[in-house]
Amino acid sequence: MALNDKNAQKREEFIDEHGLIFLDNVSMKYPEQGAPAVDNISLRIDKGEFVFITGDSGSGKSTMIKLLLRELVATSGTVYVNGYNTKKLRHSQIPKFRRSLGVVFQDFRLLRDRNVYENVAFAQRIIEVPSSQMRRNVPNILSMVGLAGKYKSDVKKLSGGEQQRVALARALINKPSILLADEPTGNLDPNNSWEIMNLIEEINEQGTTVVVVTHSPEIVNAMRKRVITMRKGIIVSDEEEGLYINED
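These notes cover the structure that comes with them.

The rules we used
Residues numbered from 1 in each chain as written. Predicted model: local features only at pLDDT ≥ 70, side-chain atom pairs only at ≥ 80, totals over all residues. Heavy atoms only, no water. Buried < 20%, exposed > 50% of the residue type's maximum accessible area, 1.4 Å probe, protein only. Helix = DSSP H or I, 4+ residues; strand = E, 2+ residues; numbered from the N terminus. Pairing = 2+ DSSP bridges. Right-handed = clockwise from strand over helix to strand, strands pointing away. Core = buried A, V, L, I, M, F, W, Y, C linked by side-chain atoms within 4.5 Å. Contact = heavy atoms within 4.5 Å. Axes fitted to C-alpha atoms, helices over the stretch in contact; angles between N-to-C directions. Phe/Tyr/Trp six-rings, centres within 6.5 Å; stacked < 30°, edge-to-face > 60°. Lys NZ or Arg CZ within 6 Å of the ring centre and 35° of its normal.

## A look at the pairing of strand S7 (residues 178-182)
Stage number 1. Most of S7 is tucked away: 5 of the 5 residues are buried.
Stage number 2. Residues Ile178, Leu180 and Asp182 of S7 are buried on one face, and the alternating residues Leu179 and Ala181, pointing to the opposite face, are buried as well.
Stage number 3. Pairing geometry for strand S6 (residues 101-105) and S7, over 5 bridges, is parallel. The residue of S7 that forms the bridge with leucine 101 is isoleucine 178.
Stage number 4. Assessed by its sense of winding, the connection that carries the chain from S7 through helix H7 (residues 190-205) to strand S8 (residues 209-213) is right-handed.

## As for the nonpolar core
Stage number 1. Phe52 and Ile200 are the most contacted members of the largest nonpolar core, which has 41 residues in total.
Stage number 2. Put simply, the parts of the chain that give this core at least two residues each are strand S3 (50-54), helix H4 (116-126), helix H5 (131-144), helix H6 (160-172), S7, H7, S8 and helix H8 (217-223).
Stage number 3. The element that contributes the greatest number of residues to this core is H6, accounting for 6 residues.
Stage number 4. Formed by 35 residues, the second largest nonpolar core is a distinct cluster that contains Ile45, Leu67, Leu89 and Phe105.

## Some points on the sheet that holds strand S4 (residues 76-81)
Stage number 1. Overall, antiparallel pairing links the 4 strands, which are arranged S2-S1-S4-S5 in an open sheet. Edge positions in the open sheet fall to strand S2 (38-45) and strand S5 (84-85), since each of these has one partner strand only.
Stage number 2. Helix H2 (residues 61-69) contacts strand S1 (21-28), S2 and S4 of the sheet and is inclined by roughly 120° relative to S1.

## Concerning the environment of leucine 168
Stage number 1. Tracing the backbone through its elements, the reader meets leucine 168 in helix H6.
Stage number 2. On the basis of relative accessibility, which here comes to 2%, the residue leucine 168 falls in the buried class.
Stage number 3. In the structure, leucine 168 is positioned 65 residues away from valine 103 in sequence and 7.9 Å away in space, judged by C-alpha atoms.
Stage number 4. If near-sequence neighbours (up to four positions away) are discounted, leucine 168 is found in contact with Val104, Leu179, Leu199, Ile200 and Ile203.

## Thoughts on the packing of aromatic side chains
Stage number 1. As enumerated under the stated definition, the model contains 5 aromatic pairs in all.
Stage number 2. The positively charged end of arginine 109 is found above the aromatic ring belonging to phenylalanine 105, 3.7 Å away from the centroid.
Stage number 3. Just above the ring of phenylalanine 50 sits the side chain of lysine 225; from NZ or CZ to the centre is 5.3 Å.

Just distances and angles here, no functional claims.
Written as structure tokens, this is what we have:
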């Protein structure tokens, strides 16, 4: 068996034992802050789960996402994503590691000088997908998110809901095993928010593990997924089919 095959097998064995996302006594302390942003957290998320991470501003949610993306390295403890110890990733390995994840942000982060098709195709060009295959893949994913007729559109002229659909298509086109969504409905009206969340639920039902950071009690309480609640850097609640816990 080739070395890469052995490594892949070890990662799969680790995932089977510990989960697709595994945090082992993880803390993150910023130099300018007194208390840790994340304080000795242990957490397991398995393949195919749909998990909400909730909590007020300053609870540690954004730091958690940055740790999973390897934008930050934990001060102590270990973060495993897709079987990789993120602390051990070499600088040259980080871009490839991140391409194995789909990420959607509140502010869409689209390429403003490119149309819908090119925004989605960009994710495939990075991994050098052949043009002939890209011409099949991009329309397929745009159709899935309800934008089949918008592929030539200027993203600046799209509604907020449509822009988030483009961002979602871009996040999904390389078939990631994990979708991280950081406040994906934060800039959307209620109708568009539900359309995006219904799409994300459909994606989860097809096998993608989904982690959503949100401030929306309405969405969390209606969808009844696993809910992890954070407060001052610690996990105060982790409930299957949970509800949004208000500070008061």
